[in-house]
Every structure is written in structure tokens, then in C-alpha cells.
Amino acid sequence: MTADALLSLENLSKHFPVLNVWKRRSGWLKALDEVSLSVHKGEILGIVGESGCGKSTLGKTVMGIHRPTSGRIIFEGNDITHLKPYQSRGMRRDLQYTYQDPGASLDPRWKIGRSLDEPLVIHTRLDRRARRERVREILDAVGLPEGHLDLYPHEISGGQQRRVGLARILTLHPTMVVLDEPTSGLDVSVQATILNLFLDLQKRFDLTYVFISHDLGVVRMVCDRVAVMYLGKVVELGSSDEIFDRPRHPYTQSLLAAVPQIGKGRVTETFWLEGEPPDPGNLPSGCRFRTRCTQARDDCALEVPPLVEHNPGHADACLYSAARDYSPA
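Model, not experiment: these values are computed from the prediction.

Draft legend 1. Region of the structure containing the overall build of the protein chain. Helices and strands together make up the secondary structure of the protein chain, namely nine helices and 12 strands. By the compact-globule yardstick of 20 Å for 329 residues, the protein chain fits well, its C-alpha radius of gyration being 21 Å. Each principal axis of the C-alpha atoms in the protein chain carries an extent, and together these give about 70 × 50 × 45 Å. Partitioning the contacts of the protein chain with sequence separation of at least 6, the portion at a separation of at least 24 is 63%. Split by element, the accessible area of the protein chain, about 16,700 Å² in all, is 49% carbon and sulfur.

Draft legend 2. Examining helix α9 (residues 250-257) more closely. Of all the eight residues making up α9, eight are buried; the element is thus mostly covered by neighbouring parts of the structure. Every buried residue of α9 is listed here: Pro250, Tyr251, Thr252, Gln253, Ser254, Leu255, Leu256 and Ala257. Buried residues along α9 sit against α7 (216-222), β9 (225-230), β10 (233-239) and α8 (240-245).

Draft legend 3. Here's a closer look at the sheet that holds strand β1 (residues 7-19). Taken together, four strands build an open sheet; the order of strands is β2-β1-β4-β5 and the sheet is antiparallel. Each edge of the open sheet carries a strand with a single partner, namely β2 (25-39) and β5 (78-79). The pairing of strand β4 (residues 70-75) with β5 spans two bridges and is classified as antiparallel. Bridging from a neighbouring strand, Phe75 pairs with Asn78 of β5. Helix α1 (residues 55-63) rests against β1, β2 and β4 of the sheet, and its axis sits at about 110° to β1.

Draft legend 4. Just the sheet that holds β10, in detail. Pairing in this open sheet of eight strands is mixed, and the strands run β6-β7-β8-β3-β9-β10-β12-β11 from one edge to the other. Strand pairing shows two members of the sheet lacking a second neighbour, β6 (95-98) and β11 (308-311), which therefore form its edges. Ignoring strand direction, the axes of neighbouring strands in this sheet form an average angle of 20°. As paired elements, β10 and strand β12 (residues 314-316) share two bridges and run antiparallel to each other. By the bridge assignment, Leu237 is partnered in β12 with Ala315. Across the sheet, helix α6 (residues 188-205) is in contact with β3 (44-48), β7 (176-180) and β8 (208-212); its angle to β8 comes to roughly 155°. Strand contacts of α9: β9 and β10, with the helix running at about 105° to β9, the strand carrying the most contacts.

Draft legend 5. Highlighting the side chain of Arg162. Tracing the chain through its elements places Arg162 in helix α5 (residues 158-170). Buried charged residue Arg162 carries no salt bridge. Nearest counter-charge: Asp101, at 6.6 Å. Those residues in contact with Arg162 that lie beyond four places of it in its chain are Tyr99, Gln100, Pro102, Glu181, Pro182, Thr183, Ser184, Leu186 and Ile194.

About the criteria used
- Residues numbered from 1 in each chain as written.
- Predicted model: local features only at pLDDT ≥ 70, side-chain atom pairs only at ≥ 80, totals over all residues.
- Heavy atoms only, no water.
- Helix = DSSP H or I, 4+ residues; strand = E, 2+ residues; numbered from the N terminus.
- Rg over C-alpha atoms; globule rule 2.2 N^0.38 Å.
- Contact = heavy atoms within 4.5 Å.
- Areas by Shrake-Rupley, 256 points an atom, 1.4 Å probe, with all protein chains shown as cover.
- Buried < 20%, exposed > 50% of the residue type's maximum accessible area, 1.4 Å probe, protein only.
- Pairing = 2+ DSSP bridges.
- Axes fitted to C-alpha atoms, helices over the stretch in contact; angles between N-to-C directions.
- Lys, Arg positive; Asp, Glu negative; His and termini not counted.
- Salt bridge = Lys/Arg side-chain N within 4 Å of Asp/Glu carboxyl O.

The structure is reproduced here in C-alpha cells:
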């Protein structure tokens, strides 16, 4: 945690109640559990992990879509953890979120022009002419023709819907954008175009990204730093080069072993991770990864490993990672 961070999460937790057949709470599902992270202005922080690890919950909790159970969210020096809806309106201009399904964030009954105009009506005092001019400027920035303003969401492709979603956000000139699986469901060629667009827009509008994705190849290409999550906790955090070239945590190593490499044989020949993650409503004691870890020891069941920085800027949550030196083949 640093004082110059644009966004700081301090022991952020989000627990969902587990209900029995009588609709009574029988436990808690710990989707996020004491996560601490910092995001600096101008950087791209990647959040990776298996489905169900808490990536999207992290983004939605930061945005206030989920109310945090405990911890603090500091954005631009202000505590936004428990803001009321009317208090958070001003903050929404600077902190924006893109959904996994871009079409779901667009009203199917509205034309694209109205969807892009709506944020300006809510958050600014621009007159109609000024709003129209800004919409045209942003539409051009994301590479869409002005004629798209008269189309409905179902009349454009998935890649174009991504561009419209970005345009809708950028009309407010935010400082940070949380991108939740921004390339999922797109063809490879369209993915490359969208990723280049993200990088161009970052430079043009001085944006900071939190990039949530399961695609490790994409994360390595665009992210400055990477946080690896497992069952609601960050198990490794470091620069993109450190995470991909010198992973320390066994879970990170297993994720990277699953990435296909040309000329290296099938994934099944090198991938050693087996089984499914434990039930997040009934977590194992100690290290949460120990039930799937081939390097687990007896002590791993006794203590929850903290996130420790063994090398400058590179931290992991494994009791024995310091004794291992791992380099991918």
C-alpha cells in the first residue's frame, strides 16, 4: 500500500450469506477475504485466476455494485467504502466499469445515440449541442461511424458493442476504468483490435485500468502488474515480467503450465493441477490451495500464509516459496 496510489484496497472483504432450504443463513461464502491492493495512476493492473476466484466480485465491490462486508476502498484520497447512492454520483464520473456482456449494459429499446447521451444528462450540465458534440468525438475515438448513433444494440456486432460500451464510459472522461473480461466471446482478430483500442485510449485520455481476465496471454501483453487470485485471496502480486517469467506461488505455476505453447506438446503432459477448488462456503484450514498443491506440507494446514514481499515488488502467499526457485521451461 502506497500513499500515491489512485486506488487502494485495505483488507477488503465481501461475504455472501449461504441459505438453507428454510431461507435461513447457514454460513458465509467468502468471495473476497481481506484483499489489499494498490493501483497507481496510468498503470494497467491485471487480475487473474480461475472462475469463481473472486475477480469480478472484486471489481463490482470497488464500484459499489456489491456492498463490502469489511475493509476500506480509497479512491483519489477519499474513502468511498460506504457511500450512499446520492453521495457516489460525483465519484461515478471518475470511476467506471465495463461488464462482461457489453450488450447487457445497453438498453435494447434505445438507439446507440440515446445510450451515449444518457450519462452526460445525468452527470454533467452540458446543453444538448455540447452533448451531441462530445458523443461524436468519443464515437470517433473508438472507431465507429456517426451513422451508428441511429442503430439499436442488436443491429451491431459484439466487437462494436464493446466499442459502444467504451464510448459510453469515456463520454464522462473518467480517470479509472474496471474492465471485466473485456475480450471474452470475441474472435481472435477482433480481440487484437479491441486490445489495441484499449491501449490507444489509455494514452489519449490518460486512463488507468483494472483488467480482469482469465486469458493469461492477453494479460501478459497489456498489463504492467498482475495480481493472481485464488478463492477470494491474492496469492501472488508482481510485475507482469516477474509473474510470467519467475512465478513463485504453486498456484501461479500451475496456471502458467496450462497455457499452450507451440512445439511444447499437449497441455496435459505438463499440467499438474487436479481437482476442483474447495467449497468457498466451507474453506480448508490454513492455505486454501493446499488441497490441490503437490508441494503442500503439514504446516500448510496450520497457518494462513500472508502475502509477503520476498523480492522488491514481487509478493506471494506461500510459506515455502522462498525455498524454491522456479523458472518455466
